[in-house]
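# Structural characterization, general
Here are the chains, one letter per residue:
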Amino acid sequence: MIRVVLPSHLRMHANVNGEILLDVDGEATQRSLLDALETRYPVLRGTIRDHGTQKRRPFLRFFACQRDLSHEPADAPLPDEVRSGSKPFLIVGAIAGG
Amino acid sequence: MTGVRVLVGTRKGAFVLTSDGTRKSWDVSGPHFPGWEIYHMKGSPADPNRIYASQSSGWFGQQIQRSDDGGKTWAPVDNKFAYDGVPGTHQWYDGTPHPWEFKRVWHIEPSLTDPYTVFAGVEDAALFRTSDGGKSWAELSGLRGHGSGAHWMPGAGGMCLHTILLDPVDPKRMFIAISAAGAFRTDDGGETWQPINKGLRSEYIPDPHAEVGHCVHRLAMHPSRSNVLFMQKHWDVMRSDDAGNSWREVSGNLPTDFGFVIDVHAHEPETIYVVPIKSDAEHFPMDGKLQVWRSRSGGNEWEALTKGLPQSNCYVNVLRDAMAVDTLDTCGVYFGTTGGQVYASADAGDTWSAIVRDLPAVLSVEVQALK
């Protein structure tokens, strides 16, 4: 199981508390993880990735294992610690705005 | 009438204010969607307990929320606003072509007769419609495609479609306004559109009388007389008596004719309201005095309404979707400020009081009279 942590606004929007545990089909990548997340919570479609381009929204970042994975290819394997569930995949809102 | 419900959209959430017909004491619920921008909320005239809200965020994009119980509970519906076909380009601030990009829904206009049909005005400017209660949205692309779209340019607040007026008499007629393209009308249910900006004069654009390019801030119409339109332009308050085919200025004795809101009394089609703002460089009232100005003659002759409004050290703004009127026997008038106050008058503007204050900056105000 992969652990996913959403920013508070998206937890509220999807009506979830705490971490999300996800089963990801096939190889665990950013794309397959986000596909699984949006399948479980359709209201998150368009909130993390653009509907059309499927690119990460500009003010969101992906962190895990004390690394910024935001610019990793969408189909690159996630770190072993994320795939094993020992470390969470963090979706983080940029500190910006007022 | 048994009561009034005021829907307030703010920079950091939505609030629902309710009162009985006396409109003296108010209950406040909210914030709904705390931390999100609520550009607009509006209830269905056909089913007032059905309310739609535009919820957006620079981080997480656009959401449309729907309540079927008068704003007590909400559920997200669809949030996908895809332009029809290849969207092409409009002009950017520097005059270069810029791709059309969806940013947010500025204004929601439910059908007058069907609670499942709603129109949405978006940035970058386009008009969308749902016929299934918000579960899916399709662009009425005849507006962007009518010919001048490539020449539209954003105003300072973005290239937003902010006003949608539905004709109560002719269901195929609709008026919209875009900053900074101007006003447009369809007579065939949104298939084809024509610019309706003759008579507008905007000194800040290369051709002050251009067919498009005017920064229209707001349109208003009395439902009994849909050929008469009122406009708060960037500068100038305007009036049309021929459904927008021509306009004439009715700023008259206003202390400044810059502003954002304009609205019409619910029972007196010649009584209109504006909130003069000092200038496009200084978005606050003149001399720190917050004043609504009322004309009972459809423009030109205006009177200041000040009782109950701050007359010193007030430097708030009143944004374009932040004024509304109710339909009670004595018409109520409401407006919200960027300082977080919502002011109401239960006597058509003669006296005012703040029915809530210290909210986040108010983006929109709508009112429902409840039976």
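All values derive from a computational prediction rather than experimental measurement.

Helix and strand content of chain A: three helices and five strands. For chain A, the succession of helices and strands along the chain, N to C, is β-α-β-α-β-β-α-β. Taken over the C-alpha trace, chain A has a radius of gyration of 12 Å; the compact-globule value for 98 residues is 13 Å, and the two agree within 12%. Taking the principal axes of its C-alpha atoms as reference, chain A extends roughly 35 × 25 × 25 Å. Counting across all 98 residues of chain A, residues that qualify as buried make up 23%.

This part takes up the overall build of chain B. The helix and strand tally for chain B stands at zero helices and 30 strands. Over its C-alpha trace chain B gives a radius of gyration of 19 Å, about what one expects of a compact globule, namely 21 Å for 371 residues. Principal-axis analysis of the C-alpha atoms gives chain B an extent of 50 × 45 × 40 Å. Relative to its 371 residues, chain B shows a buried fraction of 53%. At a minimum sequence separation of 6, the contacts of chain B that also span at least 24 residues come to 49%.

Looking now at the environment of Ala74(A). All names here are of chain A. Here alanine 74 lies in the loop between strand E4 (67-68) and helix H3 (80-84). Counting along the chain gives 18 residues from alanine 74 to arginine 56, while the straight-line C-alpha distance between them is 9.4 Å. Leave out the neighbours within four places in its chain, and alanine 74 touches Thr29, Gln30 and Arg31.

This part covers the confidence of the model for chain A. Overall, the predicted model of chain A reaches an average pLDDT of 94, with 97% of residues at or above 70. For chain A, helix H1 (residues 8-14) of chain A is the element with the lowest average pLDDT, namely 95, and strand E1 (residues 2-5) of chain A is the one with the highest, namely 98.

Right, let's get into the sheet that holds strand E19 (residues 229-233) of chain B. The strands that make up a sheet pair up through hydrogen bonds in the backbone, lying either parallel or antiparallel. All names here are of chain B. Within the open sheet, the four strands sit side by side as E18-E19-E20-E21. Their pairing is antiparallel. Of all the strands in the sheet, the pair left with one neighbour each is strand E18 (216-221) and strand E21 (248-249). Pairing geometry for strand E20 (residues 237-240) and E21, over two bridges, is antiparallel. Directly across from arginine 239, in E21, lies its bridge partner arginine 248.

On the chain B side, the residues contacting the 13 residues of chain A number eleven residues. Counting residues per element, the side of chain A that touches chain B draws most heavily on H1(A), which supplies three residues. Tallied by class, residues from the side of chain A that touches chain B come to four nonpolar, eight polar and one charged.

What follows concerns the pairing of E20(B). All names here are of chain B. Burial of E20 is two-sided: the residues Val237 and Arg239 facing one way and the residues Met238 and Ser240 facing the other way are all buried. In this structure, E19 lies alongside E20, joined through four bridges in antiparallel fashion. Within E20, the position partnered with methionine 231 by the bridge is methionine 238. Taken together, E19 and the strand that follows it, E20, pair antiparallel across an intervening segment of three residues, in which aspartate 236 is found at a positive phi of about 90°.

Glancing now at the confidence of the model for chain B. Per-residue pLDDT for chain B averages 96, and the proportion of residues at 70 or more is 100%. Model confidence for the complex is summarised by a pTM of 0.96, with the ipTM given as 0.92.

All names here are of chain A. Looking at the secondary structure, you find glutamate 81 in helix H3. With 13 C-beta atoms counted inside 10 Å, the residue glutamate 81 sits in the partly exposed group. In sequence terms glutamate 81 and aspartate 25 are 56 residues apart; their C-alpha atoms lie 17 Å from each other. Beyond its immediate stretch of four places on either side in the chain, glutamate 81 contacts Cys65, Ser86 and Lys87.

Residue and element names in this part refer to chain B. The sheet built from four strands is open, its strands ordered E22-E23-E24-E25 with antiparallel pairing. Each having just a single partner strand, strand E22 (259-264) and strand E25 (303-305) make up the two edges of the open sheet. Pairs of neighbouring strands in the sheet enclose a mean axial angle of 30°, with direction left out of account. Alignment of strand E24 (residues 292-295) against E25, held across three bridges, turns out to be antiparallel. Following the sheet pairing, tryptophan 293 is matched in E25 by alanine 304.

It is worth spelling out unusual backbone geometry at this point. Between Gly30(B) and Pro31(B) the backbone carries a cis peptide bond, its omega angle lying at 5°. As for its position among the elements, Pro31(B) is in strand E3 (residues 27-32). Between Glu123(B) and Asp124(B) the backbone carries a cis peptide bond, its omega angle lying at -5°. Along the chain, Asp124(B) turns up in the loop between strand E11 (118-123) and strand E12 (126-130). Of note in this structure, Gln66(A) is not a glycine but carries a positive phi near 60°. Positive phi, close to 60°, is recorded for Asp287(B), a residue that is not glycine. Residue position: Asp287(B) is located in the loop between strand E23 (272-276) and E24. Overall, Asp287(B) belongs to the exposed group, with 12 C-beta atoms counted inside 10 Å.

A regular strand places its side chains so that they alternate between the two faces of the sheet. Residue and element names in this part refer to chain B. Among the six residues of E18, six are classified as buried, and the element is accordingly described as predominantly covered. Sheet analysis places E18 next to E19, joined by five bridges and oriented antiparallel. Directly across from alanine 220, in E19, lies its bridge partner phenylalanine 230.

We now examine the nonpolar core. As a rule of thumb, nonpolar side chains are buried together in soluble globular proteins. Core analysis: the biggest nonpolar cluster contains 106 residues, and Val8(B), Leu219(B), Tyr334(B), Val342(B) and Val365(B) have the highest contact counts within it. Ranked by residue count, the leading element in this core is strand E15 (residues 174-179) of chain B, at five residues. In this structure, Tyr334(B) is in contact with Val6(B), Met323(B), Ala324(B), Val342(B), Ala344(B), Val365(B) and Val367(B), ignoring residues within four places of it in sequence. Among the nonpolar cores identified, the runner-up in size contains 20 residues, and Leu22(A), Ala28(A), Leu34(A) and Trp59(B) belong to it.

About the criteria used
Residues numbered from 1 in each chain as written. Chains lettered and ligands numbered in written order. Predicted model: local features only at pLDDT ≥ 70, side-chain atom pairs only at ≥ 80, totals over all residues. Helix = DSSP H or I, 4+ residues; strand = E, 2+ residues; numbered from the N terminus. Rg over C-alpha atoms; globule rule 2.2 N^0.38 Å. Buried ≥ 20, exposed ≤ 12 C-beta atoms within 10 Å, placed from the backbone. Contact = placed C-beta atoms within 7 Å. pLDDT = per-residue confidence, 0-100. Pairing = 2+ DSSP bridges. Nonpolar A, V, L, I, M, F, W, Y, C, P; charged D, E, K, R; others polar. Axes fitted to C-alpha atoms, helices over the stretch in contact; angles between N-to-C directions. Core = buried A, V, L, I, M, F, W, Y, C linked by C-beta atoms within 7 Å.

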